[in-house]
Structures are given as C-alpha cells and as structure tokens.
Amino acid sequence: CISSAASDVYKRQVHRTWYADCSDRGLVRSPKFWPNVSRINLSMNKLRSLPERSLLPDILTHFDLSKNKIATFRNNAFQQLWKLTDLRLDGNALRVTNDLHSSIFEDLLSIKYLDLSNNPELTLRIMPILTRGIQNSTVEILRLNGIQCTFGLGTELRIEDLRFLKYTNLKEIRLESNRIEHVENGATYFLPQSLEKISVGDNLFTFGLYIFEIISLQNLKSLNLSLLQTPHEFDVLKILHICVNKRRNVISDMDVYQSNETIIHAQEMHKALSTYNFTIPVPPNLEIIYAKEMALRYVIPKLKFSQNTVKELYLQRNTFYRWTGPIIGINHLRLLNLSNNFCSNVSRDFFSDIINLSELYISNNLLDFSLASDTDGRIFENLVSLRHMDLKANRIARLPFMVFKNLKNLQHLDLSDNLLTTVEFDILKLKALKNLDLSG
C-alpha cells in the first residue's frame, strides 16, 4: 500500500503529521506506517485480524478499521496508544474469546469516540471488559449497536456491564438492536451524570423498575426508544395499576405476571387510571424523545408529567387510536408528531395544556368525524403559538367554520390528500398564513 502509491496514501499533512488513507484497496493485511502518521483509514478492506502493534505509529489519534472481516482481538492491539481519540471497529465479525485480556482497552486514555457496532458475534459479554478498560479515559461517545445476533435469545443489561461508566464523562451511548429484554434493577444508576444522549431503539424491553430509574439522569437531553417491540396494552395498564394502588418503590416482573389480584378488564382499568392523580417522572433536562414505530396500541388518557424541558416528541407510526388527554406538564413542547396512528377520536381537551406548541404533525389518521363535529373550534383553540400544522390524509370531507379560530400565528397549513370539495372554514382568522396546501 505504501510502496506502490505513497503519494496517494499519505494525502495530507496535519500539524506536521500525516493522514494515511488505505480504505477500499482490497488489503488482506495491514501495511507498516511511518512514525509520523497520526490518522489511519483501513476501512472497507479484507482484513481478518487487527494489525500488529509494531506496524502502528505511537502518535496515532484516529484509527478506522470499520467494514472489514476482523474476527478476533489482539491483546496488545492498542497497547501504548495513549493519544488515540477515535477508534472505529464497526462492521466486522469480532467476538469475545476465552483468552481475551481484561486490560485490552486500558491504554486508550485519550479515547473520545469508540464504535464497536454491527459485530453480531461480539455480544454483551464485551461490556464488562470494555467499560472497565475505559473507566479512566476521556470517552464521550460509545456506540454498541447490533452486537447481538439479530435472531438470538433476549438479553439482560446488567450492573456489571455499566458500573465502570459511572466514573467517565460519557455524553452519548447507543445500544440499539441488541435484543435487550430487561435491565437489572439499579443498573441505570451507574450511568454517568454527564450523559446527554441515550439510544436503545429496536430492542425487546419488558417493563420494570429501570423505567422509573431513568429520572436520575439529570443532564439527559435526548432519548431514542424507536422501534422497540413493546408489550400489549394490558401489561402497561396492569403495571400502572399496581404502581398507583400499592405505591410501590419496586416493581418486578413477578408482580406483573404472577399477581394474585383480580384481573381488571383493560377498558375498566383505563377508566380507573383517568381518575388517578399521579405524576410520570421525566429527567428534568430531557429535550427530545423518539418513540416511533413501537407498535404501541393505547388510548392516550389524561397524563401528568414531572417538571421537564421536553421540546420535541416523536410518536408517529404507532396505534394511539384515541387521544383523550389532556397532557399536562410538557409546557416547553414545541414539536409534536402523532402521524400514522389510526386515530379516529380526539377530545376537545387533548391539546388544551400544550399552549407553546409551534409544530403539529397529525397526518395519516382518521380525524374526519372529530374535526367535523368541532363546530365551536375547541380542539385547537389553545394552540395560539402554532406555526405549522400537517393534517394531510385524514379523510376529512368537511371542516366547520370555527375550527381554526385562534390560530393567528399559523403560517403553514397542509390539508392535502383529504376529501374536501370546498373550503368552509374561516380563513380570515389565519392572519399569518403563508402556505395553504389543498392539493389532492
């Protein structure tokens, strides 16, 4: 690689060091690099093992080995790479072997970005070794998506997997697509307070105490739960029933599935829950929640949340088929997406407490009847800050005169792909309107 095309490989000089780009060259083994090379890209080759440590410069800061065929670690692979800040090993075939040293990652003291994603044979067995090794490092971003076999058994995230992260300044962790079913009680408390982003989508979570433990993450800003395969409606309501009535501090799976209490019909339980006055805990600085495509099939009842700063809430592509509400306590919400939820009934109080909302996406529902009967315009009357509304594809045949009466700041209104044959609503009240879509 070096001898045949040195001028092409060593592309640029950065602070008197060199960047070696050996990506996508069909390499089956690593070349030896000059000692003044600080960045190496060996991605998209055919390497089957990590490079010998003697081939790598001591001043290495960026090392990309993604999308190769590397199957095993070398115990000395990262020895004395104290300046390495960015390590990418995603898209390989790495696995944990019995001779793997627990100290393999200990010299990565300067690491900030570490990606081991898409190594489906690696499994969560790597977690105790990895987290112990980087506990004294400067790690900020840790990506571990898809390190379990897609069709394997469900797994548990344990205290042992997370305990050493408590001593780091980690800001982002990704654990998507790992077939995680459960989190050991107390494990969440070992996540560092510096954590700002968590992404655990496309897992198999059942409900447990860890759901309520997440409030301990005082600086969490973004939570991604999308594509989770969640339990049925009855299970969720059953847990809330036990939580509220018994005021438990600990809720175990045994409580839910082996309770001796009389089983309450889901509709009756929903009615009972709507009369309870309890608060759902939310991390105080959480700003964005992604809960898309989770196969959630619920009525949205009256809900009250703890003090928070949630600004964006993405709930599209579920089955929230009735929106009852109101939703109380998300006073900073600016964007709400409830598109593609098969909703046919929205109450006149559902949006009443979300007064600072500026973007509302509720397309691809069945809101014709609810909106046609809203003759006094109560459904949207409190959304005085709304600037963008998407109502397309809701099978709307008629909109009453007063339906948008208080939307004085609305700039974009999408009513496309409905069944409208005439405009009967009062358009003069929409004084800020810039774009009206009636196509289709």
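Everything below is about the structure shown above.
Read on for an overview of the structure. Residue positions are given per chain, counting from 1 as you read along its sequence in written order. Only residues with pLDDT of at least 70 are given local features in this predicted model, and only at 80 or more are side-chain atom pairs given and counted; all residues enter the totals for whole chains, interfaces and linings. The basis for the side-chain values is all heavy atoms of the structure; hydrogens and waters are excluded.

**So, the packing of aromatic side chains**
For any two aromatic rings, the description comes down to two numbers: the centre-to-centre distance and the angle of the planes. Centres within 6.5 Å are what make two rings of Phe, Tyr or Trp a pair, Trp counting through its six-membered ring; a difference in plane orientation under 30 degrees is then read as stacked, over 60 as edge-to-face, and the rest as tilted. Evaluation of the coordinates by the stated rule reveals nine aromatic pairs. Ring geometry for Phe73 and Phe105: centres 5.9 Å apart, planes at 80°, overall edge-to-face. Placement of Phe73 in the loop between strand 4 (62-64) and strand 5 (86-88) and of Phe105 in the loop between strand 5 and strand 6 (113-115) is noted, with a sequence separation of 32 residues between them. When a residue's accessible area, from a 1.4 Å probe over protein chains only, is under 20% of the maximum for its type it is buried; when over 50% it is exposed; and in between it is partly exposed. A relative accessible area of 11% means that Phe73 is categorised as buried. Residue Phe105 is classed as buried on the basis of its relative accessible area, which comes to 0%. Seen from their ring centres, Tyr298 and Phe320 are 6.4 Å apart, and the 45° between their planes marks the pair as tilted. With Tyr298 in the loop between strand 13 (288-290) and strand 14 (299-300) and Phe320 in the loop between strand 16 (312-314) and strand 17 (322-323), the pair connects residues that are 22 residues apart, well separated along the chain. The class for Tyr298 is buried, based on a relative accessible area of 10%. Chaining the aromatic ring pairs together yields one cluster made of Trp323, Phe350, Phe351, Phe380, Phe404 and Phe425. Lysine and arginine charges are scored as sitting over a ring when NZ or CZ, respectively, is within 6 Å of the ring centre and within 35 degrees of the ring normal. The cationic tip of Arg88 hangs over the ring face of Tyr113; the distance from NZ or CZ to the ring centre is 4.3 Å. Here a strand is any run of E in DSSP of at least two residues, a helix any run of H or I of at least four, and the numbering for each starts at the N terminus.

**With respect to the pattern of salt bridges**
Should a side-chain nitrogen of Lys or Arg be within 4 Å of a carboxyl oxygen of Asp or Glu, the pair is scored as a salt bridge. The tally for this structure, following the rule as stated, stands at 16 salt bridges. When the shortest N-O distance is used, the salt bridge between Asp86 and Arg88 registers 2.8 Å. Lys112 is paired through a salt bridge with Glu140; the nearest N and O atoms lie 3.7 Å apart. One end of the pair, Lys112, is in the loop between strand 5 and strand 6; the other, Glu140, is in the loop between helix 2 (126-133) and strand 7 (141-143), and 28 residues separate them in sequence.

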